[in-house]
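If you want the building blocks of each chain, they are given just below.
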Amino acid sequence: MKTFPIGGVHPSDNKQWSKGSAIEVMELPDVVSIPLAQHIGAPATAVVAKGDKVVTGQLIAEAAGFMSANIHAPISGTVTAVDMQPNGQGLRQMMITIKREGDEWAESIDRSTELVTECNLSSKEIIERIKAAGIVGMGGATFPTHVKLSIPEGKKAELLIINGVECEPYLTSDYRTMLERGQMLIVGTRILMRAIGVERAVIGVEANKPDAVKHLRSIVGDDKSIGVMMLKTQYPQGGEKQLIAAVMNREVPAPPALPIDVGAVVCNASTAVAVYEAVQKNKPLIERVVTVTGKSVKEPKNLLTRFGTPVSALVEKCGGLPEGDVRVLNGGPMMGRALCNVAMPVMKGCSGITIISGKEALRGEESACIKCAKCVEACPMGLEPYLLSKQARKRAWDAMESNDITSCIECGCCQFTCPANIPLLDYVRLGKQTVMGIIRARNAKK
Amino acid sequence: MANRFLVAPAPHVHGHLSTQRLMGDVIIALLPALIVSVRVFGWNVLAITAVSVASCVLLEFLVQKFLVKGPLTVNNLSAVLTGLLLAFNLPANIPLWIVVIGAVVAICVAKMPFGGLGKNLFNPALAARVFLLIAYPVQMTSFPTPTIEGFADAYSGATPLGAAKAGLVAFGEVDTVGMFTGAMGGSFGEISTLALLLGFAYLLMRRVITWHIPVSILGTMAAFAAIYAVATQGFGSVAWQMPLFHLLAGGAILGAVYMATDYVTSPMTRKGMLIYGVGIGAITMLIRLWGAYPEGMSFAILIMNSVVPLINKYVKPKRFGAR
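Residues numbered from 1 in each chain as written. Chains lettered and ligands numbered in written order. Predicted model: local features only at pLDDT ≥ 70, side-chain atom pairs only at ≥ 80, totals over all residues.

**Student:** How would you sum up the overall build of chain A? Please name residues and give values.
**Tutor:** Scanning chain A from N- to C-terminus turns up 13 helices and 17 strands. Rg of the C-alpha trace for chain A: 21 Å, near the compact-globule value of 22 Å for 446 residues, within the 12% margin. Counting only C-alpha atoms, chain A reaches 65 × 50 × 50 Å along its principal axes. Among the 446 residues that make up chain A, the fraction classed as buried is 56%. Considering only residue pairs separated by 6 or more positions, chain A has 74% of its internal contacts joining residues 24 or more positions apart. (Helix = DSSP H or I, 4+ residues; strand = E, 2+ residues; numbered from the N terminus. Rg over C-alpha atoms; globule rule 2.2 N^0.38 Å. Buried ≥ 20, exposed ≤ 12 C-beta atoms within 10 Å, placed from the backbone. Contact = placed C-beta atoms within 7 Å.)

**Student:** Give me the environment of K317 of chain A: which residues, what numbers.
**Tutor:** Residue and element names in this part refer to chain A. Looking at the element boundaries, K317 is found in helix α8 (residues 311-317). Each C-alpha atom, one on K317 and one on P333, is 21 Å from the other, the two residues being 16 residues apart in sequence. Beyond its immediate chain neighbours, meaning those up to four positions away, K317 contacts M26, K301 and L303.

**Student:** If you had to explain unusual backbone geometry to someone new, which residues and values would you point to?
**Tutor:** Cis geometry marks the peptide bond from Y235 of chain A to P236 of chain A, where omega comes out at 0 degrees. On the secondary structure map, P236 of chain A appears in the loop between β11 (226-231) and α6 (240-248). Phi angles above zero are rare outside glycine, and L77 of chain B is one such case at about 70 degrees. With 21 C-beta atoms counted inside 10 Å, the residue L77 of chain B sits in the buried group. Although it is not a glycine, R207 of chain B adopts a positive phi angle of roughly 55 degrees. You can see R207 of chain B is positioned in the loop between α9 (193-205) and α10 (212-233).

**Student:** Provide a residue-level description of the sheet that holds strand β4 (residues 53-54) of chain A, including the pertinent values.
**Tutor:** Residue and element names in this part refer to chain A. Here we have four strands laid out as an open sheet, ordered β2-β8-β7-β4, and antiparallel in their pairing. One side of each edge strand has no neighbouring strand; the edge strands of this open sheet are β2 (31-35) and β4. Across two bridges, β4 lies against strand β7 (residues 77-86) in antiparallel orientation. Its bridge partner lying in β7, K53 is registered against T78. (Pairing = 2+ DSSP bridges.)

**Student:** Describe helix α4 (residues 96-111) of chain B, listing the residues and the values that go with them.
**Tutor:** All names here are of chain B. Taking 1.5 Å of rise per residue, the 16 residues of α4 would be expected to cover 22 Å, and the 21 Å separating its terminal C-alpha atoms lies within 8% of that figure. Three or more residues of α4 are buried, namely V99, G102, A103, V105, A106, I107, A110 and K111. Packing partners of the buried residues in α4 comprise α2 (44-68), α3 (78-88) and α5 (124-135). (Expected span 1.5 Å × (residues − 1).)

**Student:** Go over the sheet that holds strand β6 (residues 71-72) of chain A, please, and point to the residues and values.
**Tutor:** Residues and elements named next belong to chain A. Taken in spatial order, the three strands of this open sheet run β3-β5-β6, and their pairing is antiparallel. Of all strands in the sheet, those with a lone pairing partner are β3 (45-46) and β6, marking the two edges. Bridge count between β3 and strand β5 (residues 59-62): two bridges; the pairing is antiparallel. Counted as the bridge partner of A46 is A61 from β5.

**Student:** Residues and numbers for the interface of chain A and chain B, please.
**Tutor:** Between chain A and chain B, the contact holds 56 residues from the first and 33 residues from the second. Looking at the side of chain A that touches chain B element by element, the count peaks at five residues for strand β15 (residues 324-330) of chain A. Classifying every residue of the side of chain A that touches chain B by side-chain character gives 34 nonpolar, nine polar and 13 charged. Bridging between β15 of chain A and strand β1 (residues 3-5) of chain B involves three bridges; their strand directions are parallel. (Nonpolar A, V, L, I, M, F, W, Y, C, P; charged D, E, K, R; others polar.)

**Student:** Account for the pairing of strand β17 (residues 352-357) of chain A, with residues named and values stated.
**Tutor:** Residue and element names in this part refer to chain A. The buried fraction of β17 is high, at six of six residues. Residues G352, T354 and I356 line one face of β17 and the alternating positions I353, I355 and S357 line the opposite face, and both faces are buried. As paired elements, β15 and β17 share five bridges and run antiparallel to each other. Residue pairing in the sheet places R327 in a bridge with I356 of β17.

**Student:** Explain the domain arrangement of chain A residue by residue, including any values.
**Tutor:** Examined at the domain level, chain A breaks down into domain 1 (36-96), domain 2 (123-281), domain 3 (287-361) and domain 4 (374-445). On a C-alpha basis, the centroid separation for the pair domain 3 of chain A and domain 4 of chain A is 29 Å. (Domains from an automatic or database assignment.)

**Student:** I'd like a rundown of the confidence of the model for chain B, residues and numbers included.
**Tutor:** Looking at chain B, pLDDT values average 89 and 92% of them are 70 or higher. Overall fold confidence for the complex sits at a pTM of 0.92, while the interface term, ipTM, reaches 0.90. (pLDDT = per-residue confidence, 0-100.)

**Student:** Before we move on, can you summarise the environment of Q433 of chain A with the specific residues and values?
**Tutor:** Mapped onto the elements of the fold, Q433 of chain A is located in helix α13 (residues 424-445). Taking the C-alpha atoms as reference, Q433 of chain A lies 9.4 Å from I405 of chain A; in sequence the two are 28 residues apart.

**Student:** Would you mind going over the nonpolar core in detail, with residue names and values included?
**Tutor:** Ranked by size, the top nonpolar core spans 233 residues in total, and within it I161 and V275 of chain A together with A106 of chain B carry the most contacts. Ignoring anything within four residues of it in the chain, the contact list for A106 of chain B reads C56, T82, L86, K111, P124, A125, A127 and A128 of chain B. (Core = buried A, V, L, I, M, F, W, Y, C linked by C-beta atoms within 7 Å.)

**Student:** Which residues make up the packing of helix α1 (residues 19-41) of chain B against α9 of chain B, and what values do they have?
**Tutor:** Residues and elements named next belong to chain B. Across the interface, α1 lies against α9 with an axial gap of 8 Å and an inter-helix angle of 165 degrees. Relative to α9, α1 is oriented roughly antiparallel. With respect to the hand of their crossing, α1 and α9 are arranged in right-handed fashion. For the pair formed by α1 and α9, the contact residues are D25, V26, I28, A29, L30, P32, A33 and V36 on the first element and A195, L196, L198, G199, Y202 and L203 on the second. Counted by class, the contact of α1 with α9 contains twelve nonpolar, one polar and one charged residues. (Axes fitted to C-alpha atoms, helices over the stretch in contact; angles between N-to-C directions. Parallel < 35°, antiparallel > 145°, perpendicular 65-115°, else oblique. Left-handed = near helix turned anticlockwise from the far one by under 90°.)

**Student:** Tell me about the packing of α10 of chain B against helix α13 (residues 270-290) of chain B, residues and numbers included.
**Tutor:** All names here are of chain B. Contact geometry for α10 and α13: axes closest at 7 Å, N-to-C directions at 40 degrees. The handedness of the crossing between α10 and α13 comes out as right-handed. Residues H212, I213, S216, I217, L218, G219, T220, M221, F224, A225 and Y228 of α10 form the contact with α13, whose participating residues are R270, M273, L274, Y276, G277, V278, I280, G281, A282, T284, M285 and L289. Among the residues making up the contact of α10 with α13, the classes are represented as 15 nonpolar, seven polar and one charged.

**Student:** Tell me about α6 of chain A, residues and numbers included.
**Tutor:** Residue and element names in this part refer to chain A. Of all nine residues in α6, eight are buried, a share of seventy percent or more. Here α6 has its buried residues at E240, K241, Q242, L243, I244, A245, A246 and V247. Tucked inside the fold, the buried residues of α6 contact β9 (159-164), β10 (201-206), β11 and β12 (264-268). Phi turns positive one or two residues past the end of α6, at N249, with a value near 60 degrees.

**Student:** Lay out the pairing of β7 of chain A with the relevant residues and their values.
**Tutor:** Examined bridge by bridge, β7 of chain A and strand β8 (residues 92-100) of chain A share nine bridges and lie antiparallel to one another. The residue of β8 of chain A that forms the bridge with Q85 of chain A is Q93 of chain A.

Here it is, written out as C-alpha cells:
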C-alpha cells in the first residue's frame with residue numbers, strides 16, 4: 001500500500017466513537033452569527049445591513065477580491081446586527097447576526113434529492129458557479145476552491161486528487177460523507193475534472209476506512225478515469241503534499257511552489273460534494289457535516305449543520321460537556337484549535353468538534369531534550385524540529401530560515417512523538433510566523 | 001457544571017513516549033547479557049552492577065540536589081542506565097572501590113558538569129571506562145577465567161583480542177561458538193554476543209533505536225578486517241574468519257548496539273548516523289590492528305562522540321521536495 005515517503009506518526013485513530021453514527025440533520029438554530037472571515041484571504045464584505053430580511057441561500061457577504069469567498073445566509077430571517085463579536089479564540093471579528101424566521105429558501109436552489117449526473121458546462125462556467133457558491137476547502141485549510149481550480153498560465157493539471165484520507169484522529173465527517181453521499185461525491189469529482197481539464201482522478205482513502213473504499217469503487221464501477229486508492233494509515237497522509245507524494249510519487253518543492261507545479265490539484269471529499277450541490281443544484285455552501293466526538297462525549301454524532309450554529313448547541317445535542325477540565329477543539333486533536341468560547345459558530349472549515357477531557361486535556365511536563373532524534377524521524381517534511389525550536393528560543397531567525405522553516409506544515413508529528421514532552425511546534429510555529437513576516441517585508445522592499 | 005476550558009496550541013494529544021520508557025527499554029534489553037554474565041562469572045557480577053548503578057543514581061541525586069539545585073530528574077532512569085553500562089564495561093573481578101571511582105567520573109565529570117542529561121558531549125559510561133583503563137590498567141585488564149566448562153584454556157587471564165594481539169591465535173582454531181554464547185574472557189557485559197543481539201532485536205522491535213549505527217559500525221569493522229586479512233594473508237578462509245573474530249571479540253557488539261547508540265552523544269540524522277558508524281568501525285579496527293591496546297571500541301566511540309556536533313551541523317536530512 002502506498003504512503004508518503006518520509007516521517008509520519010501513528011496516533012490512535014479513535015474514530016470508533018462516531019464512525020457508526022449516520023449523518024443526522026441538526027435542528028435549525030434560532031440565531032446565527034456568521035463571521036466574514038471563514039477562509040484564507042481577505043474577509044468578505046457584507047452586502048446586507050441591520051433590519052434586512054434574508055432567505056436561506058441568499059448572498060449576504062461578497063468576496064473581497066480574487067482570494068476571498070462569498071458567504072450566504074444559512075437560515076432565513078432578519079439581520080439583527082453586523083458588528084464585531086468574539087470568536088472561538090476570544091478575538092473579536094466582524095459577524096452578521098441573523099434571527100431566524102421559518103426556513104424559506106431562495107427560489108433558484110433545487111432542493112430535490114434527485115441525483116443530477118449530467119453536466120455540460122464549460123470549465124469557466126463551472127468555476128464561476130463554484131465561486132458564486134462560496135466554496136472553500138472543507139478539510140480545514142479553507143482555501144477558496146475557485147482559486148485552486150484557476151490553473152495559472154503556463155501550468156497544466158495532470159491529475160485531480162480527491163482527499164478522502166481524513167488522517168486526523170477522531171474525525172469521521174468525510175468518512176460518513178463518502179459512505180452516505182458517495183454518489184454526489186463522484187459526480188462532484190467528474191465536474192472538478194472537467195473544470196481543470198484532466199482525464200484522470202484518484203480518490204485517496206486510508207486503509208482504516210475499507211468500507212468507504214469499497215462503496216466508492218462500487219459507485220465508480222467501470223469508469224477507468226476515476227480510481228479509488230487505498231493508502232496505508234499514517235498521519236499526516238491528508239496533508240496536501242503528503243497525499244500527492246503518496247498517490248503520484250512526486251514531491252512538491254519547497255514554498256512558494258504549489259501542487260500545480262507537479263501537475264496536481266487536490267480537493268477534499270466534502271468539498272467535492274459541495275461542488276456537486278453548487279453546480280448541479282445551484283446550492284451555495286451553507287451547511288456541512290460536523291463530527292462531534294470524544295471519549296467522554298455521551299452520544300458522538302455526525303451532524304449536518306448550518307453555518308453559524310453555535311458549537312454549544314452541537315455539544316448539547318450530543319449529551320453536553322463532560323465535567324471538569326476540557327479541551328474543546330475546532331477540528332481534530334493533531335491540528336485543531338482549542339476554543340475558549342463554545343458560543344463560536346460553526347464555519348466552513350469546521351470538520352469536527354473534538355472534546356478531550358480529564359488528564360488527557362493537560363500537557364505533560366517538559367523535560368530535557370535527550371537528542372533521541374524521534375522528531376527528526378517523525379517530520380514528514382524532512383526538517384529538524386529539535387534544532388528549529390532551539391533556534392526559535394534564541395530568536396535566531398536567519399538560522400531558522402536557512403534550515404527551511406517555511407516548509408513546516410505544522411502537522412504536530414514532532415511534538416506528538418517527543419519523549420521529553422517539549423512543545424516543539426509552539427516554538428517552530430512562532431519561528432515560522434516570524435520568518436515569513438521577515439521574508440514578506442524583504443520582498444516588499446525589493 | 002463548572003468547566004475549565006484549557007487552551008493550548010495543537011497538537012492536543014501526545015504519543016505517550018517518554019524518556020523513562022526509552023531508558024527502561026534499553027535496561028530491559030541489557031538484562032539477557034547480565035544473566036549470561038552471572039552464569040559465566042558468578043555472583044560478583046551482580047555486586048559490581050549494584051554498586052555501579054547505586055553510585056550513579058546517588059551521585060546524580062546529590063549533584064542535582066546540592067550543587068545544581070535544579071529540578072530532580074533521577075527518576076528518568078538515565079543514571080540507572082549509565083550505571084548499568086559502566087558495570088558492563090568492567091572485568092568481573094574488579095575491586096568495588098574502583099567501580100565507585102568510575103561512577104564519580106561518569107556522573108560528576110562526564111555528565112553533570114555539561115548540564116546533565118541531554119547536554120553531555122561524551123558517553124559517560126565510556127568516559128569512565130577509559131579513565132579507569134588508564135588509571136588502573138592492571139585491575140582493568142586482568143580478566144577472570146569464566147567458570148563454565150568448554151572454554152579454551154589457552155586464553156585464561158586474557159581476552160581473545162589480547163591473545164590475538166600477542167599473536168597467540170590462529171583464526172581458524174578460534175571457538176567462535178563459544179565466543180558467540182559467552183564463553184570468553186572480557187568485561188563482563190561484552191561476552192555474550194547472543195544475549196546482546198537478543199537485546200538488539202528488542203530495541204529494534206520497540207523502535208528505541210534504528211539499525212543505522214550498529215550495522216554501519218559492524219559492517220565497517222567486518223569489511224576492514226576482510227580487506228586486511230586478504231592483504232596480509234591472501235585469499236582463503238581467513239578472509240571470513242578474521243572479520244567474524246573481530247565482530248565477536250571484545251566490545252564490538254556491546255559498543256555498537258548499546259554504547260554508540262546513546263541518544264545524547266550520537267548524530268540526529270540517519271545519514272549522520274552512518275558517517276558516525278563508519279568512523280567508529282574504522283577507528284576501532286585501526287586501534288585493534290596497529291594500536292597499543294588490543295581493544296579500540298571505547299576510544300573509537302569517544303573520538304566520534306566529539307565529532308557529533310560537527311556532523312549535526314553539516315549533515316541535514318533530505319528535505320521533502322528537495323532534489
